[in-house]
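Remarks on the overall topology
Take a look at the letters that make up each chain.
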Amino acid sequence: MELILDKNKCTGCGQCVEVCPFGAIELKDGLPVANDECRLCGVCVRKCPEGALALPEKAKKRDIQDARDVWVYAEQKGNDFTGVVYELLGKGRELAQTLGQRLVAVVIGHEVEKHAHKLINYGVDVAYVIDHPELKDFNEKKYAQVLIDLIKANQPNIFLAGATPRGRSLIPQVAAALETGLTADCTGLEIDPDTSLLLQTRPAYGGNIMATITCAHTRPQMATVRPHIFPRPEALSGHEGKIVKVEVEALPQGIEVLSFVQAEIEGPDLTEADVVIGVGRGIKGPENLKLIEKLACLLNAQIGGTRAVVDAGWLSHRYQIGQTGLTISPKLYIACGISGAVQHIVGIQSAKTIVAINKDPEAPIFEVADYGIVGDLFEVIPALIEEIKTRRGESS
Amino acid sequence: MLYPLIDEQEMIKEVARKIAEERIVPKRAELDEKEEFPWDILKEMAQADLFGIFIPEEYGGLGFGAFENCLAVEQIAWGCAGVATTYAASGLGAYPILLFGNEEQKKKYLPPIARGEKLAAFGLTEPDAGSDAGAIKTTAVKDGDYYILNGTKQWITNAGEAEIYTIIALTDKKKGPRGASAFIVEKGDPGFSFGKREKKMGIRASATGELIFEDCRIPKDRLLGREGMGFIIALKTLDYARPGVGALAVGLAQAALDEAIKYAKQRKQFGQAIINFQAVAHMLADMATQIEAARALTYTVCKYIDTKPKDFSKYAAMVKLFASDMAMKVTTDAVQILGGCGYMKDFPVEKMMRDAKILQIYEGTNQIQRNVIARELSKEYK
Amino acid sequence: MKYIVCLKQVPETDKVKINPETGTLIREGVKSIINPYDLYALEAALKAKDAYGGKIVVISMGPPQTEEALREAIAYGADEAILLSDRAFAGADTLATSYTLAQAIKKIGDYNIIFCGKQAIDGDTAQVGPELAYRLGLPYATYVHKFEIKDGSLIVERDLDDGTQVLKLNLPALVTIVKEIGEPRVPSIRGKMKAKKAKIPIWTAGEIEADEEKIGLNGSPTRVVNVFSPPARGKKEIFTGKPDECVKQLCERLGEVISI
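Note that the structure is predicted; figures quoted are calculated from it, not measured.

Thoughts on the overall build of chain A
The helix and strand inventory of chain A stands at 11 helices and 22 strands. Based on the C-alpha atoms only, the size of chain A along its principal axes is roughly 75 × 65 × 45 Å. When burial is assessed residue by residue, chain A has 57% of its 396 residues classed as buried. Both charge centroids of chain A, one from 41 positive and one from 51 negative side chains, sit 1 Å from each other.

Observations regarding the environment of B:Arg23
For B:Arg23, the location among the structural elements is in helix α1 (residues 7-34). Separated by 17 residues in sequence, B:Arg23 and B:Asp40 have C-alpha atoms that sit 9.0 Å apart. A polar contact of 2.7 Å, which involves the side chain of B:Arg23, links it to the side chain of B:Glu44. Here C:Pro184 takes part through its backbone oxygen, which lies 2.6 Å from a polar atom of the side chain of B:Arg23.

Looking at the interface of chain C and chain B
Accessible area lost when the parts come together is the quantity often used to give the size of an interface. On the chain B side, the residues contacting the 13 residues of chain C number 19 residues. Both sides together, the interface formed by chain C and chain B hides about 1400 Å², and carbon and sulfur atoms give 61% of it. Among the residues of chain C in contact with chain B, C:Val186, C:Ile189 and C:Arg190 are the three that bury the most area, contributing 47% of the side total. For the interface between chain C and chain B, the tally reads four salt bridges. B:Asp7 is paired through a salt bridge with C:Lys196; the nearest N and O atoms lie 3.3 Å apart. When residues of the side of chain C that touches chain B are assigned to their parent elements, the largest contribution, six residues, is made by helix α5 (residues 189-197) of chain C. Grouping the amino acids of the side of chain C that touches chain B by side-chain chemistry returns six nonpolar, two polar and five charged.

Some remarks on the nonpolar core
One finds B:Met45, B:Leu50 and B:Ile76 to be the most contacted residues of the largest nonpolar core, which totals 133 residues. In terms of residue count, the dominant contributor to this core is helix α6 (residues 230-266) of chain B (19 residues). Setting aside anything within four residues of it in sequence, one finds B:Ile76 in contact with B:Ala16, B:Ile19, B:Ala20, B:Ile24, B:Met45, B:Leu50, B:Val83, B:Ala84 and B:Tyr87. Within the second largest apolar cluster, 58 residues are counted, among which are A:Leu295, A:Ala301, C:Phe239 and C:Val247.

Things to note about the sheet that holds strand β16 (residues 242-246) of chain A
Residues and elements named next belong to chain A. What the seven strands build is an open sheet, ordered β11-β15-β10-β5-β8-β9-β16; its pairing is parallel. Among the strands making up the open sheet, the edge pair consists of β11 (182-186) and β16. Direction aside, the axes of adjacent strands within the sheet are offset by 20° on average.

Rules used in this analysis
- Along each chain, residue indices are assigned from 1 in the same order as the chain's sequence is written.
- Chain letters start at A and ligand numbers start at 1, both assigned in the order the entries are written.
- Reporting of local features is limited, given that this is a predicted model, to residues whose pLDDT is at least 70; pairs of side-chain atoms are given and counted only at 80 or more, and all residues count toward the totals for whole chains, interfaces and linings.
- The basis for every side-chain value is the complete set of non-hydrogen atoms in the structure, without hydrogens or water.
- We count a stretch as a helix when DSSP gives it H or I for four or more residues in a row; a strand needs E for two or more, and each element gets its number in order from the N terminus.
- Here's how the labels work: a residue is buried when its accessible area is under 20% of the maximum for its type, exposed when over 50%, partly exposed in between, all with a 1.4 Å probe on protein chains only.
- When charges are tallied, Lys and Arg are placed among the positive residues and Asp and Glu among the negative ones, while His and the ends of the chain are skipped.
- Charged groups are reduced to one reference atom each: NZ for lysine, CZ for arginine, CG for aspartic acid, CD for glutamic acid.
- Polar contact criterion, stated in full: a pair of N or O atoms within 3.5 Å, where within protein one must be able to donate a hydrogen and the other to accept it, and residues adjacent in sequence count only if both atoms are side-chain atoms.
- Contacts are residue-level and defined by heavy atoms, with any inter-residue pair within 4.5 Å sufficient.
- Two parts placed together each lose some accessible area under a 1.4 Å probe, and the buried area is that loss summed for both.
- By salt bridge we mean one thing: a side-chain nitrogen of Lys or Arg within 4 Å of a carboxyl oxygen of Asp or Glu.
- Each residue receives one of three labels: charged for Asp, Glu, Lys and Arg, nonpolar for Ala, Val, Leu, Ile, Met, Phe, Trp, Tyr, Cys and Pro, and polar for the others, Gly being one of them.
- Among buried residues, the Ala, Val, Leu, Ile, Met, Phe, Trp, Tyr and Cys ones that are joined through side-chain atoms within 4.5 Å form a nonpolar core.
- The pairing criterion for strands is at least two bridges between them, as found by DSSP.
- Note on method: axes are straight lines fitted to C-alpha atoms, helices fitted across the in-contact stretch only, with angles between N-to-C directions ranging 0 to 180 degrees.

Next comes the structure, spelled out in structure tokens:
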């Protein structure tokens, strides 16, 4: 399949060459030719001032007119929903209002009906409850089956789930079953005012690039959404919604949950913390974590680190921040002795404010920092601790 | 490229380099500090086929020669001379079997060595027989279908860790050196035990210790070659092993140079990188030149050995002598260039300098190498 | 036992940037590598082969140059490799990719475990594994760091954000692997020699009996409609000087962010 060019319309202006994100178009004899790098993304088609370019796509009109409503998968964690569910309800409500459609939530589990009421308070118009003893433990096959059946019966327009390990593992099956598009780990969602399509924006290539993705011809438009990106809404008072219990048919076998061992939570979750202090190789050794802990204590902060620090065994891998570790979005992130490798930056770029302390003024961490101090952290941090104490009137 | 390699040689070099970079370098300081034997790394090297390079394919090896082996030793030594010593010493223990073993012995002992499942070691040195190897006192007395060994070997690399030992012992004391024979002794043979484990200045990841034979009874088919061939076997083995020391020296020195250049480019004094100072730059130039000269000699001699010449003692001694003296100088200079940092354990060059010293001592001191060279010269100019 | 490893060749992601002037991806000089998580998947398959014997078949969908990655997989210890390459596969999103892989795996047939990496570092979607499992009707587990075959089932340990789940999967099954499975071994010399000589068959859409409506761009419901650089962030107010003066300035700014 190749890009289609109307040679009669093309003026050879070359704007398509300029705009191609993949550098896949060259002008040959004054006309654009796409090479193997072409992903048929359509950027050139939209750019072409003459309307000379077209995608070789066959019109695919499935029954998408009937698809309605914005659905949210209400993943549970213990006795509550995961944080991202609330964030999705907030965003989902906004999308639903823009489209003039309903906000729908789905709860799956055992003895979960009592939680469903909570969803109504966050603006859900319909909460489907799929309750069955066999759904007590998270089981991809069983959860997927009930979800697929429900979606097939209702044809949602949009389906959102948290990009949590469970969500990212479960939801792709639903997309495969419905032969529809799924965009992973989105950080932006909005409705295109012209087409009413869901514009799903997500990072790619390790966060070096952002891509906006649509799913024009199949429904639902599905996305998993990164936690801590959208704000958690306030509960609404007096919102009315209904709870619908869903009958469960025979469930598929093949996966049996033998056990689940809750991770030992040493202090609160880094991804939930308001203030995080990150440490890099610059702290020189695990013995110097004491100093960082003093600052953390003052700021009510959690401590994480770079891969180098974790690999050196100074911190547990549970606290690794970056591409192969956690993605955090605290109000304040303080990077201590971190040079700022791309792989680390990816994990912190959704922090509201980034402070960097490093003795190398050339360190790339300063490129993304809001505030930076060039200096030896073993001098800066004690000074910072003193300053904070002084401001609080605690200093001796 | 200065040394064009065929694909297979390039592969050997790449595999050894990858192990050095990814497995050895991150652990070498800890191995050195704790004097820890690097079993994990050796297993990875075994899995990567590094132990069988020079062992023929019919005995489970890759069927390459001394040159390919040196390419691997050089890269491993670039990572850590201690690990490289362990690796090369297993080869040293295998050479007597490869060169002088009969078919049964080769079939039994070479495949597990080639697969790296069992380490080998070579035992010649004794408390009173170092440079004067003819002064060994360990005896092997024939007793029916057995030999009974008595005596102590000292400073044996891989002692206690290896499974297969090639031991030189006297079968006929009266004949002196001509009364020596070579035997294969297995870990677990009755009367065979391990004595003191030495604490060393360098190559601390390698194991060096005593082998003790107290009425150690071994079947007579453990004899390598014939009775009385012990010293011929020992000398030939050392001829084969010495270029390996050369490769080890080149790899170690290259690592020191790499560190020195990296530091010199990044360290600023008087407002500029110290590599811009001629005093430092000229040292680096000399180091690089010496390394290249040693590498050229090592590669050339290894390739010569692979043509199966009758005698190459002189050249093997030259490689060992020249390359190890070079490594001592280059690593010392690397410490000098790193200055205070060079002397500290936070940087790897002080270890490299400690490691380099042994290269001038083991497998025949450099004084003995000069004797070998001079003796050969004297023969040539008869 | 037959193990199938799905592998993707990806650009070294930290080198891919957008040219700020033209807004296009800069790909020159960016090396192609095996997706690191797929190397963990391959290592898992090699561990399975060490423990239970059998054969490892590696498959990859991509342009002809993907063959390099497959040769590398053989050097690591895979027994066979198959390249799925056809102009018609181009432009595939995860749905079309999973269909294409499923068709190829059906053709290979007679497998016990399929190993995939947790995700690929270019797209980071983590979707192909579960989608593939669904298409093949297989039980599966994501984020697996440990596994064993016991009484004909696959027992896996996998990481969720709040703990570790132990699952029993009927065989055949699919698993996606995380780095805690253990560092990939170093390719062996014999493996490299074998890789050099290996014949790698190329399967086209026709050979895997693919429905042309389900592959490549045709089979991909999602479209990338825009790519752009992440918005520049950071006020970059950098303080140099005496530590106690720096921290005073810092604290004044931070007062707006948190209570100091």
